[in-house]
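Residues per chain, in single letters:
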Amino acid sequence: MTPLVIAHRGSSWDVPENTLPAFERAIADGADFVELDVHARPTGELVVTHDPPRPEDDLPSLEEALDLIHGRIGVMVELKTPHRYRRHRVVERTLDLLTEDDVFVCFEPGAVALVRRLRPELRTVQHTQYVPIRLAARRGCWAAGFWDRHASPRALARAQRLGLETMVYTVNDPARMRGLAALAVSGIFTDRPALARQVLRAEG
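Rules behind the numbers
- Residues numbered from 1 in each chain as written.
- Predicted model: local features only at pLDDT ≥ 70, side-chain atom pairs only at ≥ 80, totals over all residues.
- Heavy atoms only, no water.
- Helix = DSSP H or I, 4+ residues; strand = E, 2+ residues; numbered from the N terminus.
- Buried < 20%, exposed > 50% of the residue type's maximum accessible area, 1.4 Å probe, protein only.
- Contact = heavy atoms within 4.5 Å.
- Areas by Shrake-Rupley, 256 points an atom, 1.4 Å probe, with all protein chains shown as cover.
- Lys, Arg positive; Asp, Glu negative; His and termini not counted.
- Charge placed at Lys NZ, Arg CZ, Asp CG, Glu CD.
- Salt bridge = Lys/Arg side-chain N within 4 Å of Asp/Glu carboxyl O.
- Core = buried A, V, L, I, M, F, W, Y, C linked by side-chain atoms within 4.5 Å.
- Polar contact = N/O pair within 3.5 Å; in protein donor to acceptor, adjacent residues only side chain to side chain.
- Axes fitted to C-alpha atoms, helices over the stretch in contact; angles between N-to-C directions.
- Parallel < 35°, antiparallel > 145°, perpendicular 65-115°, else oblique.
- Left-handed = near helix turned anticlockwise from the far one by under 90°.
- Nonpolar A, V, L, I, M, F, W, Y, C, P; charged D, E, K, R; others polar.
- Phe/Tyr/Trp six-rings, centres within 6.5 Å; stacked < 30°, edge-to-face > 60°.
- Lys NZ or Arg CZ within 6 Å of the ring centre and 35° of its normal.

Thoughts on the overall build of the protein chain
Phase 1 of the analysis: Assigned secondary structure in the protein chain consists of 8 helices and 9 strands.
Phase 2 of the analysis: When the backbone C-alpha atoms are referred to their principal axes, the protein chain occupies close to 45 × 35 × 30 Å.
Phase 3 of the analysis: Taken over 204 residues, the protein chain has a buried fraction of 54%.
Phase 4 of the analysis: When contacts within the protein chain are restricted to residue pairs at least 6 apart in sequence, long-range pairs at least 24 apart make up 50% of them.
Phase 5 of the analysis: On the protein chain, roughly 9500 Å² of surface is accessible, and the fraction owed to carbon and sulfur atoms is 49%.
Phase 6 of the analysis: With 27 positive and 28 negative side-chain charges, the protein chain shows a separation of 9 Å between the mean positions of the two kinds.

Here it is as structure tokens:
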């Protein structure tokens, strides 16, 4: 099966990342999913950005981003450091905005566990850079996320044996895309979704 093409922060090779134009471009580029990052402002507003927001930053809200993308392609929402914003109930408020077709992504196992409890039908991706793969499987996650440097054949095979889909980030090199496809990964996060679609189509 051809890996999913996941536009990492949108088509961020060509357009500023985590912006509405980057998401529009990802849709035009034929991505299967847009992945976007979410932080909270001090006021609690959920905004799309990779780094903690500053007061002067002009950032799209999560609601604006989802309004743009929903119904067009899939969405993977990565909640960044949710423990930092727990007083704002960021996990619960993010879930209020997600449909059953969306995917929740996080590094923090506590946040993933909360999502599994509150929305067990929602697909979750547990990044495994700091978390054992077996924990993602035990929690009933849909997929394990791997930093490309750690996505060895052995690690990917172990996740697959545990029944997990496998997602690898962030891959922009065509040869590596082909190599991961040969290892039967489920999805590839890339800044270059148009290129990934072209490469994987040729492989398929």
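Quick look at the pattern of salt bridges
Phase 1 of the analysis: The tally for this structure, following the rule as stated, stands at 12 salt bridges.
Phase 2 of the analysis: One salt bridge connects Glu 17 with Arg 9, and the closest N-O pair in it is separated by 3.0 Å.
Phase 3 of the analysis: A residue is classified by how much of its surface remains accessible, and Arg 9, at 15% relative accessible area, is buried.
Phase 4 of the analysis: One salt bridge connects Glu 56 with Arg 54, and the closest N-O pair in it is separated by 3.8 Å.
Phase 5 of the analysis: The exposed category is assigned to Glu 56, whose relative accessible area is 58%.
Phase 6 of the analysis: Through salt bridges with shared partners, one network takes in Arg 9, Glu 17 and Asp 37.

Some remarks on the nonpolar core
Phase 1 of the analysis: Counting 53 residues, the largest nonpolar core has Leu 36, Phe 104 and Phe 146 as its most contacted members.
Phase 2 of the analysis: For this core, the element with the most residues is helix α2 (residues 62-69), which contributes 5 residues.
Phase 3 of the analysis: If we ignore the near neighbours within four places in the chain, the residues touching Leu 36 are Asn 18, Phe 23, Val 48, Leu 62, Ala 65, Ile 69, Val 75, Met 76, Val 77 and Glu 78.
Phase 4 of the analysis: Judged by nonpolar contacts, the second largest core, of 11 residues, contains Leu 4, Met 76, Val 125 and Met 167.

Let's talk about the environment of Arg 178
Phase 1 of the analysis: Within the fold, Arg 178 resides in helix α7 (residues 174-182).
Phase 2 of the analysis: Accessibility expressed as a relative area gives 35% for Arg 178, which makes it partly exposed.

Regarding the side chain of Arg 116
Phase 1 of the analysis: As for its position among the elements, Arg 116 is in helix α4 (residues 109-118).
Phase 2 of the analysis: No salt bridge is formed by the buried Arg 116. Its closest oppositely charged neighbour is Glu 121, at 7.1 Å.
Phase 3 of the analysis: At 3.5 Å, the side chain of Arg 116 and the backbone oxygen of Leu 122 are in polar contact.
Phase 4 of the analysis: A polar side-chain atom of Arg 116 sits 3.2 Å from the main-chain carbonyl oxygen of Gly 140.

A few points about the packing of helix α3 (residues 90-97) against α4
Phase 1 of the analysis: It is the contact of α3 with α4, at a shortest axis distance of 10 Å, that shows an interaxial angle of 50°. Between α3 and α4, the angle falls in the class oblique. As for the relative orientation of α3 and α4, their crossing is right-handed in sense. Residue-level contacts link Val 91, Glu 92 and Leu 95 of α3 to Ala 111, Leu 114, Val 115 and Leu 118 of α4.
Phase 2 of the analysis: Tallied by class, the residues present in the contact of α3 with α4 amount to 6 nonpolar, no polar and 1 charged.

A few points about the packing of aromatic side chains
Phase 1 of the analysis: Inspection of the entire model under this criterion finds 3 aromatic pairs.
Phase 2 of the analysis: Ring geometry for Phe 107 versus Tyr 169: centroids 6.3 Å apart, planes at 90°, classification edge-to-face. Separated by 62 residues along the polypeptide, Phe 107 in the loop between β5 (103-106) and α4 and Tyr 169 in strand β8 (residues 165-169) bring together distant segments of the chain.
Phase 3 of the analysis: Given a relative accessible area of 25%, Phe 107 falls into the partly exposed group.
Phase 4 of the analysis: In this structure Tyr 169 comes out as buried when scored by relative accessible area, which is 12%.
Phase 5 of the analysis: An aromatic cluster is present here, built from Phe 107, Tyr 130, Tyr 169 and Phe 189 joined pairwise through their rings.
Phase 6 of the analysis: The positively charged end of Arg 123 is found above the aromatic ring belonging to Trp 142, 4.9 Å away from the centroid.
Phase 7 of the analysis: Here the guanidinium or amino end of Arg 192 rests over the ring plane of Trp 13, the centre of that ring lying 4.1 Å away.

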